[in-house]
Amino acid sequence: MTMTEEAGPMLPAVRYQRIIELLARCEYVTITDVRNATGASPATTQRDLARLATTGALARVRGGATRAPAPRGEARLLAACLTRIRHALDRHDIDTVEDALHQALDACARLRR
């Protein structure tokens, strides 16, 4: 049993962050790599990668994903995070605001490199 299974399902924001961190270490990741890092089902992994590709955080390739061209991908991820923050504030969802702020700060740090 993995740590993810013991703790219950991982929040989408946490899975997204793990995927981004995995791609920061490796230029290319497979679906299996992502599933191992997040503990998500194959369908959830596909949806997560599609969502992150839509925001420009990564590029989908057959069998997995690769880093998005920088800095455009980071700028799009930052914009998506800021949009999530605005919507979460409207709903008074402080946990989502906090997660999105962490992602936004990480995207800012990568943009500076």
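Quick caveat: nothing in here was measured; it's all calculated off a predicted structure.

1. Considering helix 3 (residues 31-38)
Restricting attention to buried positions, one finds in helix 3 the residues I31, V34 and T38. Seen end-on, helix 3 carries its buried residues on one side only, within an arc spanning 65°. Immediately downstream of helix 3, the backbone of G39 shows phi near 75°, a positive value.

2. Details of the nonpolar core
Core analysis: the largest hydrophobic core is formed by 18 residues, its most contacted members being I19, V29, V34, L49, L52, L58 and L77. Elements that contribute at least two residues to this core include exactly helix 2 (12-25), helix 3, helix 4 (42-55), helix 5 (72-90) and helix 6 (94-112). Of the residues forming this core, the biggest block, five residues, is contributed by helix 2. Filtering out sequence-adjacent residues up to four positions away, V29 remains in contact with L22, L23, V34, G63, G64 and A65.

3. Quick word on the pairing of strand 2 (residues 58-61)
Sheet topology note: the strand 2/strand 3 (residues 64-67) ladder contains four bridges and is antiparallel. Each residue of the ladder has a partner; that of L58, found in strand 3, is R67. Where strand 2 hands over to strand 3, the hairpin turn is made up of two residues, of which G63 adopts a positive phi near 85°.

Analysis parameters
Residues numbered from 1 in each chain as written. Predicted model: local features only at pLDDT ≥ 70, side-chain atom pairs only at ≥ 80, totals over all residues. Heavy atoms only, no water. Buried < 20%, exposed > 50% of the residue type's maximum accessible area, 1.4 Å probe, protein only. Helix = DSSP H or I, 4+ residues; strand = E, 2+ residues; numbered from the N terminus. Arc of directions from axis to C-beta. Core = buried A, V, L, I, M, F, W, Y, C linked by side-chain atoms within 4.5 Å. Contact = heavy atoms within 4.5 Å. Pairing = 2+ DSSP bridges.

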